[in-house]
Amino acid sequence: MAATKHFPQMVSHVILDLDGTLLNTDGVMNEVLKVFLVKYGKRWDNKISQKIIGRTPLEVATAVVKDFSLSLTTEELMSAISPMFSDQWCNIKALPGANRLIKHLRSNGVTMALASNSSKSCIEAKISFHQGWKESFSVIIGGDEVTTGKPSPEIFLEAAKRMNVDISNCLVIEDSLPGVAAGKAAGMAVVAVPSLPKQAGLYSSADVVINSLLDLHPEKWGLPPFEDWIEGTLPIEPWYIGGPVIKGFGRGSKVLGIPTANLPAENFSTILSEHTSGVYFGWAGLSTRGIYKMVMSIGWNPYFDNTEKTIEPWLLHDFGEDFYGEELRLAIVGYIRPEANFPSLESLIARIHEDGRIAKKALDLPIYAGSKDSPYLKNSMLRSNCHS
Ligand code: ADP
Ligand code: RBF
Ligand code: MG
């Protein structure tokens, strides 16, 4: 996944973008547009979510007016949805790894700036809902404080000036193409974290492209390393999904020799949008059978270049039979790596087996073992036992 060039710069200061980099603004934008379009008698179309990711509000409004043939100008749509959007600022979630990164850099004394094209007052309002963020930035700079926003380098140059640091000591972290362009134009090191899936190729001017902030390795830039990785795994706040096992692409057992008990991804679109694609692990409760160790991939399976996001849990147990339709419940407790492409099927298979070994071992660690007793996993069994 990580398209890595050489690391030319050792840095001391970090400049972060806000929307799409630290905050999952797109999720709220989705909800706002959904409500708005219904009022205009238009049917909500999930494809619009794909369109808005990583776009500026103006680009989103332009696309919506056109796609839904609204009898409004772009400006009218903007003024209609702006207040709806501001009402939702309290609901914007931090992106995976954002809190972790901010806490880490702050506790290690790394000076940070926040530089966003939106106005300073909007930035401050949005981050006020996230504990400890405002105090973590030495400099907060909005698009209204410079003459030209990104892709102009101005905002980053101004941030460096205010931090009183040389531009060559700054690392920019950005999700959007204009932001990456601005960072490079400023002469800074740039890590791109694209919000859109499968867009890594467009970001070739960035020094590194990562899938999510969870995949950032600060030590590669001369910054203090994260110390929360344990035996090749990253503990995460557990999350839970479950449902009947459905048919997948019929590929797991046949092509890879690794069966994956697929869950219907469309039932979990909200929770999935809050987590990045990647390889995770945890515990799997299977009604009538028991609780098992599990390793899974969530995403587009780059090797097969799927067009749909799928949930592919491999239970680390030999069942010797299928269990389609049975209720499968997952407690996802840790992260291993981003999804990747591989030069051969053999190398993909070898890597998945390695993921399996890592998960199996890690799940015995106290930090992960406790989740085996999660009531969520057991409920499914109690319920199905009652029915049987
Ligand atoms: P599909 O493409 O339909 O998911 P797979 O080849 O991936 O087909 O096989 C998955 C099915 O195999 C699961 O739905 C389940 O019924 C069965 N199965 C047997 N053992 C396992 C296991 N250890 N982990 C996951 N699924 C398993
Ligand atoms: N597919 C990929 O294309 N890239 C991956 O990095 C990848 N990692 C996986 C890790 C695990 C633990 C599992 C169970 C599957 C992974 N797969 C990956 C998905 C695999 O391609 C998928 O299960 C099959 O395509 C079956 O549909
Ligand atoms: Mg499968």
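Residues numbered from 1 in each chain as written. Chains lettered and ligands numbered in written order. Predicted model: local features only at pLDDT ≥ 70, side-chain atom pairs only at ≥ 80, totals over all residues. Heavy atoms only, no water.

Labelled according to an unreviewed UniProt entry, the protein chain appears under the name riboflavin kinase, originating from Musa acuminata subsp. malaccensis. Per UniProt, the protein chain carries the Pathway (unreviewed entry) text "Cofactor biosynthesis; FMN biosynthesis; FMN from riboflavin (ATP route): step 1/1." (UniProt positions renumbered as here; feature names shortened; annotations may be inferred.)

1. Some details on the sheet that holds strand E8 (residues 234-244)
One open sheet holds the 5 strands; their spatial order is E8-E12-E9-E10-E11, and the pairing between them is antiparallel. Each edge of the open sheet is held by one strand with a lone partner, namely E8 and strand E11 (310-315). Adjacent strand axes in the sheet meet at a mean angle of 30° when their direction is disregarded. Pairing between E8 and strand E12 (residues 327-337): 8 bridges, direction antiparallel. Bridge pairing links glycine 242 to arginine 329 in E12. (Pairing = 2+ DSSP bridges. Helix = DSSP H or I, 4+ residues; strand = E, 2+ residues; numbered from the N terminus. Axes fitted to C-alpha atoms, helices over the stretch in contact; angles between N-to-C directions.)

2. Let's talk about the site of ligand 1
Not every one of the 21 residues close to ligand 1 is listed here, only the nearest: Gly248, Gly250, Ser253, Asn262 and Phe323. Between ligand 1 and the protein, one listed contact pairs a nitrogen atom with a backbone N or O atom of leucine 315 at 2.8 Å. In the complex, the protein chains occlude 94% of the 550 Å² of accessible area that ligand 1 would expose alone. At the level of secondary structure, the elements contributing two or more residues to the shell around ligand 1 comprise helix H10 (252-256) and E11. Here the shell around ligand 1 takes 3 residues from E11, the largest share from any one element. Grouping the constituent residues of the shell around ligand 1 by class yields 10 nonpolar, 7 polar and 4 charged. (Near = heavy atom within 4 Å. Polar contact = N/O pair within 3.5 Å; in protein donor to acceptor, adjacent residues only side chain to side chain. Areas by Shrake-Rupley, 256 points an atom, 1.4 Å probe, with all protein chains shown as cover. Nonpolar A, V, L, I, M, F, W, Y, C, P; charged D, E, K, R; others polar.)

3. Notes on the pattern of salt bridges
If you walk through the whole model with that rule in mind, you get 19 salt bridges. A salt bridge links lysine 293 to aspartate 364, with the nearest nitrogen and oxygen atoms 3.1 Å apart. A residue pair is termed long-range when its members are at least 10 positions apart, and lysine 293 in strand E10 (residues 290-299) and aspartate 364 in the loop between helix H12 (345-362) and helix H13 (366-369) qualify at 71 residues. Looking at lysine 293, the relative accessible area reads 17%, which means it is buried. Between aspartate 355 and arginine 337 there is a salt bridge, with its nearest N and O atoms 2.8 Å apart. Of this pair, aspartate 355 sits in helix H12 while arginine 337 sits in strand E12, placing them 18 residues apart in sequence. Residue class for arginine 337 comes out buried when judged on its relative accessible area of 11%. Each of the salt bridges in this network shares a partner with another, and the network as a whole consists of Asp17, Lys150 and Glu174. (Salt bridge = Lys/Arg side-chain N within 4 Å of Asp/Glu carboxyl O. Buried < 20%, exposed > 50% of the residue type's maximum accessible area, 1.4 Å probe, protein only.)

4. Structural notes on the environment of serine 347
Positionally, serine 347 belongs in helix H12. Within polar-contact distance, the side chain of serine 347 engages the backbone oxygen of serine 344 at 2.8 Å.

5. A closer look at the nonpolar core
Core analysis: the biggest nonpolar cluster contains 50 residues, and Leu22 and Ile173 have the highest contact counts within it. No other element matches the 6 residues that helix H1 (residues 25-39) contributes to this core. Inspection of this core shows a minimum of three residues originating in each of domain 1 (13-21 + 92-221) and domain 2 (25-91). Ignoring sequence-local partners within four residues, the contact set of leucine 22 consists of Leu16, Asp17, Lys93, Ala94, Leu95, Ala98, Ile102, Leu114, Trp133, Phe137 and Leu213. Counting 26 residues, the second largest nonpolar core, distinct from the first, contains Leu214, Ile298, Leu328 and Leu330. (Core = buried A, V, L, I, M, F, W, Y, C linked by side-chain atoms within 4.5 Å. Domains from an automatic or database assignment. Contact = heavy atoms within 4.5 Å.)

6. Looking at the environment of methionine 296
Tracing the backbone through its elements, the reader meets methionine 296 in strand E10. Between the C-alpha atoms of methionine 296 and glycine 356, which are 60 residues apart in sequence, the distance is 8.8 Å. Setting aside its immediate chain neighbours within four residues, methionine 296 contacts Ile241, Gly278, Val279, Tyr280, Ile311, Glu312, Pro313, Leu330 and Ile332.

7. With respect to the side chain of serine 297
Its location among the elements puts serine 297 in strand E10. For serine 297, the side chain forms a polar contact with the side chain of asparagine 301, separated by 3.4 Å. What serine 297 contacts, discounting residues up to four positions off in sequence, is Gly278, Val279, Thr310, Ile311, Glu312 and Glu339.

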